[in-house]
Amino acid sequence: MARGKKRRTVSKAKRKGKKSAKAQKPIELYYWPTPNGFKISIMLEECGLPYVMKPVNISKGEQFNPDFLKVSPNNRMPAIIDPQGPGGRSISIFESGAILQYLGRKTGKFYPSDERARVEVDQWLFWQMGGVGPMAGQVHHFKNYAVETLTYAINRYVNEVNRLYGVMNIRLKDRPFIAGKYSIADMALVGWVNGWERQGQDINEFPNLKRWLDTMKARPAVQRGMTLGLELRKGIDMKDPNVQAVLFNQRARAG
Ligand SMILES: N[C@@H](CCC(=O)N[C@@H](CS)C(=O)NCC(=O)O)C(=O)O
């Protein structure tokens, strides 16, 4: 067929380099049902993006599979592969904050393009990444998983999480969501704050935070995101020595 004729039959969407929704390959979500995983399942659900969940059973060491390490060299989930990345080419991303920002830019949703509004979101997103996540993670470790009871370590992290909850509670006094409007920063936080009891906290001491948590959990996409793959975790005992040998006291590996 002559070139010119062929061109005339090409749809408008194709001429623009867009694939029809039907032809779009789903985003691959490398995932395990934990607060860090929920951040991305919530965002994908909120955006209505087609995705396929690829479980990474971290209690069995699947985060060390060579194929997964190519995507996530830090041997941590979540990670994604977007077959329709920039320029129409596939892209892989690790680190939940980077994934949230990418999906926000890709869809134009829950991540404002206005610079002032974006800075608001970024501050609270990074505050979650560097504060709430790691500190609450340490509480989970020392309070719920460690085989020894180390009172000093438990108190240190329970108190730090308490301080962070206090910051969030003040912040939410006069705005519905952490950066004003609902954003990826809220999605990053909800899975962690939802575990307040296991973190030695009482949510009732933080009324604004409690109101925010209730609002978040009433969103159907948040519910879907935070229940994705929960069945996979059933029967896994974090105190099982085999599980602990995989997850705890990891050291540098040969390159
Ligand atoms: N900073 C990372 C943290 C991710 C992370 O800690 N993921 C944990 C599960 S919640 C994991 O994959 N752990 C595997 C391991 O410890 O080997 C992010 O935000 O993506």
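That block above? That's the structure.
Residues numbered from 1 in each chain as written. Predicted model: local features only at pLDDT ≥ 70, side-chain atom pairs only at ≥ 80, totals over all residues. Heavy atoms only, no water.

### Side note on the overall build of the protein chain
What the protein chain contains, in helices and strands, is 11 helices and 4 strands. Each of the three principal axes of the protein chain carries a C-alpha extent, and together these read 80 × 50 × 30 Å. Residues classed as buried in the protein chain amount to 46% of the 255 residues present. (Helix = DSSP H or I, 4+ residues; strand = E, 2+ residues; numbered from the N terminus. Buried < 20%, exposed > 50% of the residue type's maximum accessible area, 1.4 Å probe, protein only.)

### Concerning helix α5 (residues 96-107)
With 12 residues, α5 extends 16 Å from end C-alpha to end C-alpha; this agrees with the ideal 16 Å at 1.5 Å per step. Those residues of α5 not exposed but buried are Ser96, Gly97, Ile99, Leu100, Gln101, Tyr102, Leu103 and Gly104. In this structure, the buried residues of α5 make contact with β1 (27-31), α3 (35-47), β3 (79-82), β4 (91-94), α6 (115-145) and α8 (184-193). Gly108 sits one or two positions beyond α5 and adopts a positive phi of about 75°. (Expected span 1.5 Å × (residues − 1). Contact = heavy atoms within 4.5 Å.)

### Here we look at the side chain of Gln201
Mapped onto the elements of the fold, Gln201 is located in the loop between α8 and α9 (207-217). Within the structure, Gln201 has its side chain in polar contact with the side chain of Asn162 (distance 2.9 Å). Of note is the side chain of Gln201, whose polar atom sits 2.9 Å from the backbone oxygen of Gln199. Setting aside its immediate chain neighbours within four residues, Gln201 contacts Val158, Val161, Asn162, Tyr165 and Trp196. (Polar contact = N/O pair within 3.5 Å; in protein donor to acceptor, adjacent residues only side chain to side chain.)

### As for the packing of α5 against α6
Where α5 contacts α6, the axes come no closer than 10 Å and their chain directions differ by 155°. Looking at the two axes, α5 sits roughly antiparallel to α6. The handedness of the crossing between α5 and α6 is right-handed. Each of Ser96, Gly97, Leu100, Gln101 and Arg105 in α5 lies in contact with α6, whose residues at this interface are Arg118, Asp122, Leu125, Phe126 and Met129. Looking at the contact of α5 with α6 residue by residue, the class counts come to 4 nonpolar, 3 polar and 3 charged. (Axes fitted to C-alpha atoms, helices over the stretch in contact; angles between N-to-C directions. Parallel < 35°, antiparallel > 145°, perpendicular 65-115°, else oblique. Left-handed = near helix turned anticlockwise from the far one by under 90°. Nonpolar A, V, L, I, M, F, W, Y, C, P; charged D, E, K, R; others polar.)

### Concerning the packing of α8 against α9
Closest axis-to-axis distance for the α8/α9 pair is 10 Å, and the angle between their directions is 105°. In terms of axis orientation, α8 runs roughly perpendicular to α9. Contacts from Asp186, Met187, Leu189, Val190 and Val193 of α8 reach α9 at Leu209, Trp212, Leu213 and Met216. Residue classes in the contact of α8 with α9 are distributed as 8 nonpolar, no polar and 1 charged.

### Details of unusual backbone geometry
Residue Met77 is joined to Pro78 through a cis peptide bond whose omega torsion reads 5°. With respect to the helices, strands and loops of the structure, Pro78 is situated in the loop between α4 (66-71) and β3. A positive phi is found at Asn75, a non-glycine position, where the angle reads about 45°. Looking at where Asn75 falls in the secondary structure, it is placed in the loop between α4 and β3. In the Ramachandran plot, Glu95 falls in the positive-phi region, its phi being about 75° despite a non-glycine side chain. For Glu95, the location among the structural elements is in the loop between β4 and α5. On the accessibility criterion, Glu95 (42% relative accessible area) is partly exposed.

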